[in-house]
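Each chain, written out:
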Amino acid sequence: QVQLVESGGGSVQAGGSLRLSCAASGYTTTSFNRYCMGWFRQAPGKEREGVAVFYNEGGQPYYVDSVKDRFTISQGNAKNTLTLQMNSLKPEDTAMYYCAAKRCWTALQALDLMKNGEAAYWGQGTQVTVSS
């Protein structure tokens with residue numbers, strides 16, 4: 001059973017930076033060697049939205065327009081971690097951020113995941129609060 005645990009959330013002033021991390025466990029490399037992973041967020045009273053998703057076998061990651069040029073998704077050196085570097089944070093970035101994953105075979109599936117949010121595994125979330 002794959003498990004995801006997020007960390008790195010906190011409070012920061014507008015214009016500041018935060019780096020979120022997601023640690024994965026309970027998987028086997030033979031059955032989970034190709035996958036899509038990403039970050040989603042949900043603010044109170046608003047719908048969940050995909051923030052950034054990537055396919056580990058290549059291609060460019062996908063970002064929601066509102067975070068392009070500010071956020072960067074990447075995989076840690078240990079290969080079982082996923083990070084989201086968030087710069088130039090804005091109050092509208094305030095939300096609960098969730099790590100998600102699923103098995104994938106094409107980069108297009110990463111885009112599909114970002115759009116439909118149909119991940120097989122989810123973390124518990126980490127809160128990000130940006131003050132003005």
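Data block above holds the structure.
This write-up is about the structure you can find in this document. In this text the structure is predicted, and so the values were computed from the model without any measurement.

On to the nonpolar core. Grouped together as the largest cluster of nonpolar side chains are 40 residues, with contacts concentrated most on Met37, Trp39, Leu84, Met86 and Tyr97. Among the secondary structure elements, those contributing two or more residues to this core are strand E3 (18-25), strand E4 (35-42), strand E5 (49-55), strand E7 (71-75), strand E8 (81-86), strand E9 (95-103), helix H1 (107-116) and strand E11 (126-131). If sequence neighbours within four positions are ignored, Leu84 has contacts with Leu18, Arg19, Leu20, Trp39, Val51, Ala52, Phe71, Thr72, Ile73 and Tyr97.

A few words on the packing of aromatic side chains. Applying the stated criterion across every chain yields a total of four aromatic pairs. Centre to centre, the rings of Phe32 and Tyr121 are 6.0 Å apart; their planes meet at 65 degrees, and the pair counts as edge-to-face. Of this pair, Phe32 sits in the loop between E3 and E4 while Tyr121 sits in strand E10 (residues 121-122), placing them 89 residues apart in sequence. Judged by relative accessible area, Tyr121 falls into the partly exposed class, the value being 22%. These aromatic residues form a ring-pair network of at least three members: Tyr27, Phe32, Tyr35 and Tyr121. A cation sits over an aromatic face here: Arg48 above Phe40, 5.7 Å from the ring centre.

Working definition: the covalent bond between the sulfur atoms of two cysteines is a disulfide. The tally for this structure, following the rule as stated, stands at two disulfides. Linked covalently through their sulfurs, Cys36 and Cys104 form a disulfide whose S-S length is 2.0 Å. Classification of the bridge connecting Cys36 and Cys104 rests on its S-S torsion, roughly -125 degrees, and on that basis the disulfide is left-handed. Here Cys104 lies in the loop between E9 and H1 and Cys36 lies in strand E4, a separation of 68 residues in the sequence. Neither residue differs from the other here; Cys36 and Cys104 are each classed as buried. Each bonded cysteine in the protein gets a number by its place in the sequence, and the pairs come out as 1-3, 2-4.

Where E7 and E8 come together, five bridges link them in antiparallel fashion. Its bridge partner lying in E8, Gln75 is registered against Leu82. Here E7 hands over to E8 after five residues, with Lys79 in that stretch at a positive phi of 70 degrees.

Checked against the element boundaries, Gln127 lands in strand E11. Judged by relative accessible area, Gln127 falls into the partly exposed class, the value being 35%. With 113 residues separating them in the primary sequence, Gln127 and Ala14 have C-alpha atoms 15 Å apart. Once residues within four sequence positions are removed from consideration, Gln127 is found in contact with Gly9, Gly10, Thr94, Ala95 and Met96. At a separation of 3.3 Å, a polar atom in the side chain of Gln127 contacts the main-chain carbonyl oxygen of Ala95.

Thresholds, definitions, all that
- Residues numbered from 1 in each chain as written.
- Predicted model: local features only at pLDDT ≥ 70, side-chain atom pairs only at ≥ 80, totals over all residues.
- Heavy atoms only, no water.
- Core = buried A, V, L, I, M, F, W, Y, C linked by side-chain atoms within 4.5 Å.
- Buried < 20%, exposed > 50% of the residue type's maximum accessible area, 1.4 Å probe, protein only.
- Helix = DSSP H or I, 4+ residues; strand = E, 2+ residues; numbered from the N terminus.
- Contact = heavy atoms within 4.5 Å.
- Phe/Tyr/Trp six-rings, centres within 6.5 Å; stacked < 30°, edge-to-face > 60°.
- Lys NZ or Arg CZ within 6 Å of the ring centre and 35° of its normal.
- Disulfide = S-S within 2.5 Å.
- Pairing = 2+ DSSP bridges.
- Polar contact = N/O pair within 3.5 Å; in protein donor to acceptor, adjacent residues only side chain to side chain.

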